[in-house]
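Chain and residue survey
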Amino acid sequence: MNPQANLIFIISLMLGTTITISSNHWIMAWTGLEINTLAILPLISKSHHPRAIEAATKYFLTQAAASALVLFSSMTNAWHTGQWDITQLTHPTSSLILTSAIAMKLGLVPFHFWFPEVLQGSPLTTGLLLSTIMKLPPIALLYMTSPSLNPTMLTTLAILSTALGGWMGLNQTQIRKILAFSSISHLGWMAIIIVYNPKLTLLNFYLYAMMTATIFLTLNTIKVLKLSTLMTAWTKIPSLNAMLLLTLLSLAGLPPLTGFLPKWLIIQELTKQDMAPAATLISLLSLLSLFFYLRLAYCTTITLPPHTTNHMKQWRTNKPTSIMIAILTTMSVMLLPISPMILTIV
């Protein structure tokens, strides 16, 4: 793709995200979401492969439907209350429609079917944008409307997302699809706590985005898309592969790594809200996703492929790892000891 065009699309993405996050009026928030959608479409379909075009089409149709629902929800609320302010979403039907629209934008169950397919058809760098920065505007809208959302509906969506995200990722061999189901599972953790403690949702999102960015950038460096090629990639940059193992375990939420912090705080908050059964259920369901993270980690560093493999051993690269990956990896693994400081900032 032309570098100038690429730059325009990236700037438009940042602009759309900034407009949505900083707006008070529903129409401005909707405008930001639309700019975001239109800016990411060329980045998804830039390889001109039929699968990439299919992914872009699916993404466009889903996001257009979700944006229409956002407009419909805000207009219904304005009709009943005379308010266009995002924080004044008081009508119950409007908040129900908005929850469905945001769930569709994020890829929460039962509106999740588009996300694995779109991620599979996109390049790794676009997949990184789809999994991180594109989730920020809808989560910001949920954050602003959190006092008037329906807790029962969100808890149901969250538990279903964690269950299906873990369950459907079990038999995947494509790494991008595994990361898509991982994203759906993590969104369940964010959705269950948004009504009770919205700041925890934001903290969870920031840490999730950081760990996912690390994994996508690492995979992009070693040029791996499938589990079978991941098994032989350890010879390229062994130290990076060892850190990928730790980042995957951190994303799974194992102590003493960074990913344990949001899960621990969410379980604690749910218990305070007398929702111990929901906390127990979502913790048990996250064991499903732990299985495929462990499988990825096992393929990354522990497994030596059999001698009958079709893959040649990869040459070790002398290319230095980028400083960005080094910083992100360190943060993805070592932030748990400074969690009291993180909590004072949040």
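What you see is a predicted model, and the numbers here were worked out from it, not measured in a lab.

Cut-offs used in this document
- Residues numbered from 1 in each chain as written.
- Predicted model: local features only at pLDDT ≥ 70, side-chain atom pairs only at ≥ 80, totals over all residues.
- Heavy atoms only, no water.
- Domains from an automatic or database assignment.
- Contact = heavy atoms within 4.5 Å.
- Buried area = accessible area lost by both parts, 1.4 Å probe.
- Salt bridge = Lys/Arg side-chain N within 4 Å of Asp/Glu carboxyl O.
- Polar contact = N/O pair within 3.5 Å; in protein donor to acceptor, adjacent residues only side chain to side chain.
- Phe/Tyr/Trp six-rings, centres within 6.5 Å; stacked < 30°, edge-to-face > 60°.
- Buried < 20%, exposed > 50% of the residue type's maximum accessible area, 1.4 Å probe, protein only.
- Lys NZ or Arg CZ within 6 Å of the ring centre and 35° of its normal.

**What about the domain arrangement of the protein chain?**
Domain annotation for the protein chain reports domain 1 (1-139) and domain 2 (150-307 + 320-345). Taking the mean C-alpha position of each, domain 1 and domain 2 sit 23 Å from one another. Each side of the interface is counted separately: domain 1 has 26 residues, and domain 2 has 33 residues. Summing both sides of the interface, domain 1 and domain 2 together bury roughly 2500 Å²; the carbon and sulfur share of this comes to 78%. It is Val-109, Gln-120 and Leu-124 that lose the most area in domain 1 upon contact with domain 2, and together they represent 27% of the buried surface on that side. The salt bridge involving Glu-117 is made with Lys-177; its shortest N-O contact spans 3.5 Å. At the boundary of domain 1 and domain 2, one finds five residue pairs in polar contact (both at pLDDT 80 or more).

**Let's talk about the packing of aromatic side chains**
This model, assessed by the stated rule, comprises five aromatic pairs. Seen from their ring centres, Trp-114 and Phe-115 are 5.3 Å apart, and the 70° between their planes marks the pair as edge-to-face. Judged by its relative accessible area of 7%, Trp-114 is buried. For Phe-115, a relative accessible area of 1% corresponds to the buried category. A connected cluster of aromatic rings, assembled from ring pairs, spans Tyr-59, Trp-114 and Phe-115. Stacked on the ring of Phe-115, the Lys or Arg Lys-135 has its end atom at 3.7 Å from the ring centre. Over the aromatic face of Trp-189 sits the side chain of Lys-263, whose NZ or CZ is 5.1 Å from the ring centroid.

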